[in-house]
Structures are given as structure tokens and as C-alpha cells.
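So you can see what is in the structure, the chains are spelled out below.
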Amino acid sequence: MKKRSNTQERVSRMYRASLTPYSIWSLLFILVPLIFVAYYAFTDNSFAFTTENIARFFTATSQVTAEDGSISEIHTYLLIFWRSLKLAIISTVICLIIGYPIAYIISRASTKVQKNIITFLMIPMWMNFLIRTYAWMTILQDAGIINGFLNALHLGRIHIIGTESAVVIGMVYDYLPYMILPIYSILAKLDNRLLEAARDLGCNGFSAIRRVVFPLSLPGVISGITMVLIPSISTFYISQKLGNGKFYLIGDAIESQYTANNLHFAAAIAFILMIILLVGMAVMRHFTNKRVNGGI
Amino acid sequence: MAKMKLSSKIYTALIFVFLFAPIAILIVFSFNAAKSLSVFSGFSLSWYRELFHDSETLGSVRNTLILALSSSIISTVMGTFAAVGINKLRSRWYRAAMDSVTNIPMMNPDIITGISLMLMFVFVGRIFGASTSLNFWTMLIAHITFCLPYVILQVLPKLQQMDPALPEAAMDLGCTPMRAFLKVELPEITPGIVTGLIMAFTMSLDDFVISYFTSGNGFQTLPISIYNMTKKTVTPKMYALATIIFFVILSLLLINNVVDTDDGRKLRKLRKSRKSAKLTAMTMATFKKITSSKPIMIGGIAVIVAAIGVLIGINSSKALVLNVYNWGEYISDGSEDSFDTIKEFENWYQETYGRKVRVNYTTFASNEDMYSKISSGAVSYDVIVPSDYMIARMKNEGMLLPLNFDNIPNYQYIGDDFRGLYYDETNEYTVPYTYGIVGIIYDANVVDEADAENWDLLWNPKYSGSILQFNNSRDAFGTAMYKLGIDVNTDDKAEWNRALDELLKQRPLVKSYVMDEIYNMMESGEAAIAAYYAGDYFTMIDAAADTVDLQFYYPEPTNVFVDAMCIPTCCEHKELAEIFINYMLSEEPAIANAEYIYYASPNSLVYENEDYIDDIGEDTYDILYPEIESFGELYNEYAYRTLSNDMLDYVNRLWENCKIG
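Definitions and cut-offs
Starting from 1, residues in each chain are numbered consecutively following that chain's sequence as written. The lettering of chains begins at A and the numbering of ligands begins at 1, in the order of writing. The model is predicted, so local features are restricted to residues of pLDDT at least 70 and side-chain atom pairs to those at 80 or more, both for listing and for counting; the totals for chains, interfaces and linings are taken over all residues. Computation of side-chain values covers all heavy atoms of the structure but excludes hydrogens and water. Throughout, exposure labels follow a simple rule: accessible area from a 1.4 Å probe, protein chains only, divided by the maximum for the residue type, with under 20% read as buried, over 50% as exposed, and the rest as partly exposed. Helix and strand labels come from DSSP, where a helix needs a run of H or I of at least four residues and a strand needs a run of E of at least two; each type is numbered from the N terminus. What marks off one domain from the next here is an automatic or database domain assignment. Any two residues whose heavy atoms approach within 4.5 Å at even a single point are treated as in contact. The term buried area means the drop in 1.4 Å probe accessible area that two parts suffer when joined, counted for both and summed. Salt bridge, as applied in this entry: a Lys or Arg side-chain nitrogen positioned within 4 Å of an Asp or Glu carboxyl oxygen. In this classification, the charged set is Asp, Glu, Lys and Arg, the nonpolar set is Ala, Val, Leu, Ile, Met, Phe, Trp, Tyr, Cys and Pro, and all remaining amino acids, among them Gly, are polar. Between any two strands, at least two bridges found by DSSP are needed for them to pair.

## Points about the pairing of strand S9 (residues 560-565) of chain B
Walk down a regular strand and you will see the side chains alternate between the two sheet faces. Counted residue by residue, S9 of chain B has six buried out of six residues, so it is predominantly covered. Burial along S9 of chain B is two-sided: Val-560, Val-562 and Ala-564 of chain B and Phe-561, Asp-563 and Met-565 of chain B, pointing in opposite directions, are all buried.

## Points about the domain arrangement of chain B
Residue and element names in this part refer to chain B. By domain assignment, chain B separates into domain 1 (31-308), domain 2 (321-430 + 571-618) and domain 3 (435-561 + 656-660). For domain 2 versus domain 3, the distance between C-alpha centres works out to 28 Å. Taken together, the contacts link nine residues of domain 2 with 10 residues of domain 3. Regarding the contact of domain 2 and domain 3, the summed buried area is about 840 Å², with carbon and sulfur atoms giving 59% of it. In terms of surface lost to domain 3, no three residues of domain 2 exceed Tyr-598, Tyr-599 and Ala-600, which account for 60% of the buried area on that side. Scanning the region where domain 2 abuts domain 3 turns up zero salt bridges. Class assignment for the residues of the side of domain 2 that touches domain 3 results in seven nonpolar, one polar and one charged.

## With respect to the pattern of salt bridges
Residue and element names in this part refer to chain B. This model, assessed by the stated rule, comprises 21 salt bridges over all chains. Between Lys-237 and Asp-333 there is a salt bridge whose closest N-O contact spans 3.6 Å. Residue Lys-237 is found in helix H11 (residues 236-272), and its partner Asp-333 is found in the loop between strand S1 (320-327) and helix H14 (341-353); the two are separated by 96 residues along the sequence. Look at Asp-333 and you get buried, because its relative accessible area is 7%. Here Glu-502 makes a salt bridge to Lys-505, at a shortest N to O gap of 3.5 Å. Placement of both Glu-502 and Lys-505 in helix H18 (residues 493-506) is noted, with a separation of three residues, approximately one turn of the helix. Of the residues examined, Glu-502 reaches a relative accessible area of 8% and is grouped as buried.

## Things to note about the sheet that holds strand S3 (residues 383-384) of chain B
If you trace the three strands from one edge of the open sheet to the other, you get S2-S1-S3 (chain B), paired in parallel fashion. In the strand order of this sheet, the two ends are held by strand S2 (357-364) and S3 of chain B, each with one partner.

## Topic: the interface of chain B and chain A
Counting residues at the interface gives 124 residues for chain B and 120 residues for chain A. Roughly 11,000 Å² is buried in total at the junction of chain B and chain A, and carbon and sulfur atoms are behind 69% of that figure. Area buried by chain B at its contact with chain A is led by Met-107, Glu-656 and Ile-660 of chain B, which between them contribute 7% of it. On inspection of chain B and its partner chain A, the count reaches five salt bridges. Between Lys-241 of chain A and Asp-516 of chain B there is a salt bridge, and its shortest N-O distance comes to 2.9 Å.

What follows is the structure, given as C-alpha cells:
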């Protein structure tokens, strides 16, 4: 008996020890840096306390010329944030619509096919994303590949590059795998018998998916949404390249404040973005956790 | 399992067409004969040859692999232990805390992770007075940090699926806890660990944003090198590199597929006999499985490549290291059979001084970018090449060291016109490297010759949708201010507002705000009018499509700039830096650089050299070196000067306004 409790103590000591490096690491390199963001956000160049940086985010204004030539004043950063959010949400929704069926198809294929498709999904990520985005410019340009095809078929031309669609295409392209992978990993574990049972009970294929498969895959969907929404809201390279430099998003704002050496204001934008996202995600998780048990 | 339906097959195929379309494009253009990513002018393997001669790019590939490997391995080991620990946590509070902390890097945009780490490193570095607080180690820490959650989130579910009674049973049967872990738990969670490792490796390989903020001295990864080609152009060389990566992975997968089928069957058989406690056999099988699985093969090959890389690194680390920080694509680097400046300098130095030197050459995308890095105190460079207005600013802020011209005898060859310019009136701090004039490039097939006279062309509504504007505040405002006849260095905010109004007026006509994208757009006829630096016009002509007839003129007045070599106060080898600067002024490298960059040289060994003039051609020479009565006067009147911090901030705000429209 004594020996047993001894072992148990040793075991639990071992487990605690195995967590220690990570605890220290996450304290030093995850939590403390976030405190630095807050610290810089609330100080000026001489590190004296100020709320000016935060205030600037909410109060700075710019003039915008509308299509009809009329000039109106808008809140610079609120508008930038709103635009980023809009594009990110559109991209996320498209990723979900395109990605869910493919995740489902993969999960129903044979193990070998599954493995191969998943690996092929990851191959593009091994080739630098800056280069891939660059290649998209060649495809989408007015004198690019798509218009070359359309021209050859005498179908006229379409103007994509520099529009919202181009930026969305770039984001969907880059982040689609992040939507597919988590959904797939949930669906792959799904018991096939559940589907059969649903069919036996009178569901047709589609309603079986809607009423059985989809609800069970919600944790994957949520983590897919998170993994697409977060990077697409803050991207700055895609908007520069595919948006013809005309889409100035929140990531661009942070980056340009950083290059202009306005570290404190860059930190302030980052801080506000972080708070909004964390609150948003917490709310989303709160509502969905009631419906699904666990998560990824 | 069921066979795929036809509709599913078609859908899957469509998705893969979408995912691989850009990859097909870059494979095709990697074989382009011309230096263009949008106009295909013939098949050639030259970019592949160049790639293997380009030590800078190969160096950054090596760095990327070293970083990806070390960060993925460290984060996998640490993450696996962490997952094991988290899984056994009994305190609910502790557990929730660990879960949230793990989620933070996933829930935070990478730009915030990058900035937060950068702020901390810089701040801590300052406190300890470290000369370089951003370096390989900070990047490694950053990469480990964002890789960790991926590992933990892969391993943890595997642990949770496992029957907790199993390790206990093993211990009851006499295993020590460690042995029980190794023999029972580890094999069970290995698939999760392997997936975590692969994911960490992939994320680290592909990361740009976090590296961008945390990179520092001399350790440049591939994404950063590519990003820094922003002023010049991304070359098909990079496409060639991507193509090679693609085919290496593809062939690994194909080989592995053949090996895999056989092994999988054996494993399934073993799985059936799991309950019969053949733990050792199972471990063996799992390990066998792993060693023959594709991730490990890929990883294995990467390990070998990296090991070679590290060996090269160690081998040369005994040498004296000179850190040079220059614009992207701003030195003759041995491509297109040109002179490999860095390598030649290293050889020359060893022959002359009998000591080994290694030049650590890194690049920046803009003056502001370079300034941010250096003023953060986080990096240490020996030679930098900023533009005039940035030199003035750095000099005023005491960031530059006076040069010892005894070590730079070649300075005698610098033309009189290029001495005593406003940013360094007493010729103490700088040695000019290149200079140039901003002109307007237009496609004569689209634009009426009569319209091509002055700055108004960039505002001509006739060409709406074909006009390109600079994507940097100083040059963009410059075009508007020269057009309106405003002093580009004015302190009068009202004048800047006027310039902004002009830019806002232009915005609906502008096709795109560009830097390096200008090359593709002008070469392919995508756009017809752009203001850019004179020398770059020739790079475009070389690669332009047949349907495009690019012409060039100087509007008046226009911007004149000088980029000069300086030594910042963070310099560690001042004499060596001066020897390097002197070497850059000697005939062979100076001509090679002038021919490579296509900008004008202030060095009389270059601009008076007959062979050089022959090489670039009379017409080119006339444009690059227009006859100017007094360069100094023109320069001092129209060059950009440094603005006060207050003005910089103001201009920055106006620029943001212009960008949102």
C-alpha cells in the first residue's frame, strides 16, 4: 500500500514537472508580451501614461470622396476596422461554404485517399505564401490569365484585380485549408453507423447531413471559423498585392504605423483589435458551448 | 468505405484546380526567358542556374530550414510534455488557465503576436543594453511560441482518447512511471505528435508576419528576403525555387505511397492483437510505421539539409563578420553571369589581409523599415545604404559615425557634383552609392505623345484606370507637390493638405498604388502610365511584351535622390566596414553594381568608363546621366529632406487618408 502511494506521488510529480517548461514559456512569451502591448498602447514616446493613442483610434477623422464627388468626413480607424471585418467575414463564410463539403467528401473516402488529399491540401503551404499571392496577381490581372482565356473564347473581359473580390479570392485561397482541416478531423471520427441509422429512420442524404452530421461537426466548424477569421482580419500583404493598394485594412494600418516608427500607436491599434477579437470569440464560444460538448 | 461519387470527384477536382492554379503559374513562369512574372517570352532554364549561384537566396533558404526545424522540434518536445501534464491536471482552475493560454496564440492575429514579442524583446534588450536584441534567438523563440499550440492541440485529444487504466496497468506490472510512459502512452499518442510536428514545421516555414517583426541581425528567412524585394522586383528565380520545393515534396509523396501500402496492412494486423499486451511489438510497429511515413521522410531529408547548413554555418563562424544592410536587389549578386560582389569581396579580403571575412548581407524594403529596425536598438549593422533624407535624419539623431577616409582612398573617384550635398555638407559621414531621377514611364501604344509632357499625365482623365501611383507616402506626395509647384519639404500644413486634395482627386483615375508590382503591370500592358526611378525603366523594357512600347521622360521639376553608404553607431567593425566601402568604389565592383542596378553611379570610374557606356548603350546612358548644368544646385533644391517628427506624423495621417479614399 505504501509503495503504491509512493509511486503515485512520483507519477504526479513527474506530470507536474513535464508541464513546468511550458508554463514558464507561456508566461514569459505569451502573457508578458501581451502586457507589453497594453503598456505601449497606454504610454507616449517617453513612456508617460496617456490615453491619447487609444482615443486617436476612435476619434481620428478623414475625408472621403464618394462616387458622386461629394466629400464627407469619416472616422478613419473605425472605417478601416469595419472594412477589414467585412472582408474577413465574407472570406470566412465562403471558406465555410466551399470547405465544408470538401471536408465531408474527404472524410467519407478510403483511408488512403484521405491521407493523400490531406497532404495535397498542405503542399501549397510549403511554398511561400508571398510567392503564391504574387502568382495570383498574374492570374487575376486585366491582362492576366483569366482574361486571356475569356479573350480567346471571345467572351469579353472581366475586371477583378483591385476589387473586393480579388482580396476575398486571395484570402479564401490562403486560408481555405485552415477551414477544411479542423472540420475534416471531426468528421473523420464520425461513426458511419450514425448516418446509416439516420437513413433507416427516414432521413434522405441531405437531411441526414443537416440534422446529424452538421451538429456533430460544430466544434470543427467553430475552430475552422476561428482559424480563417483571425488571420484574414489582420492580413496586410494580400490587400496590398491583390487590392491594388486600394484596400487599406487594419493590418496595413498597424504595419504602416510600425514602419513610421509610431510603435505606441501601432500597439494601441493592436491592443484594441486584440480586445475586440478576444471578446468576440469568448461570446461565440459561450453560445456554442451550450450546444456542443467540448471543442478542439 | 464507400467509393467517391462522381459529383464528389468533380468537386474535389475543382477545389484542387483552385488551390494549385497559382502553383501552375509559378512553375510556368520559372521557365521564363525574360525577367518577368507576367509576360512569357520563351523557355529557358536560366533562372534555375541563377538560383544555384545566388548565395544570398540559398542562405535564406538555409536559414528558413534551420529555423523551421529547430522551432518545430523544440515545440514538439515541449508541447508533448505540456500536453501530458495538462491531461493529468486535477486543479480545474489551473487546467482552465492552461487551456486559455494555449488558445491565445491561435486567437490572436499573427500581427499581434509578432508586435507583442518585438516590443518585449526591444524593451528588455534596451534595459540590458544589448547591442542586438533581435536575432536568430528571438526569431526562434517567436516561432516556438506560435508553434506550441498546434502541437498541444494535436497531442491532447490523443491522450484524452486513451484509457487511463493502461499506464496504471503497466505500472502494476512493474514498470517504472517513466517506462510506463515510454512504453504505453508514447506509442499511443505518437500519431498526434507526428501531426503536431508536421504542422509546426509547416507553420514555421510559411510564416512571414511574425518573422517580419522579430527578425534582426543578419538572420533573414526566405519570406523576408522576398518581401524586401519590394522596391526592385521579385524575380522568376523565386518561382524556380518554389518549383523545386514543389517537385521535391511531390516525389517524396510518390515514393512513400509505394512503400506505405504494404506497411499499413501489417499495422492493421497488429492493431487487432492489441489487447494481447504485445506492447513492445506494437511500439516497434509504430516506430517502423513512423520511420517509413512521409512526414518523417520529408523531415528526415530536411534534417540532413539543415545539418549541412549548420555545418556550413559553423565552418564560417570563425571568420570576421561584416553586417551589411542594403535595399533588396541592390547589389550585383552573380546572377545573369554578373559579378558576385559579396563573394569577390570575401576572396579579395582574404588574399589581401590573410584573414577570413564573412559578409552577412541582409536587405530592407524601405528607408523607414530600416530606420525602425536600427532606431529600436535591436540590431547591429556595420554598413547601411539609406537614401538622402533618411541620412539627414539619422545624422541629426546621432545615429551615424564619421568615416575615416584614410581607409577609403577610392573616395577620390566620386564626382565633384556628388560631394557636399545637403545631407552631408562637410563630406564626413557618407559615400554615395547610386543616384537617380524620378521620371514618367508610359506606353506609347496607349498614350498620345502630345499628352506626355509633365506631371499632368498622371492626372489625365483620358487614361483613367491605366495610371499607377507610388505606394509610399513621400514619393506619392512628391508627384502632387511637384505638379502644384509646392516645396516638397515645406512645414506648412496647408500646402500638404493641398497636395492631399490633389491625390484624392487622382484616386479615381489610379489603377493601383504600387511599388514592385509596377514591373509586371507595365511590362504586360496592364497599366500605361507610372512615375518611377529612371533606371528601373530599362529593367522593364528588357522584359516588356511585344504589344507594349514603353517610353520615358523627365517631368519638371522632379525628384533627385542619392543613396549613400554610411556606418551607423551600432557598427562593430568600423575599419572593416570602411574597407568594404572602399572596395565597393573600386572599378570592377562599381561597374558591376551600376550595370546590375541600372541606376546612375556617382563614381567617375563608372560613368567615364567607355566599356560601361558601350555595355548599357548611348541612349540608356543619356537618360541615366542627363546633362545637368549644376547637379548640386538642382539636387539641393528638389531632393527630399527630412521632416520634423511632428510633420512626419502629419504626413502619415494624410497618407492614410489618401489610402482609404
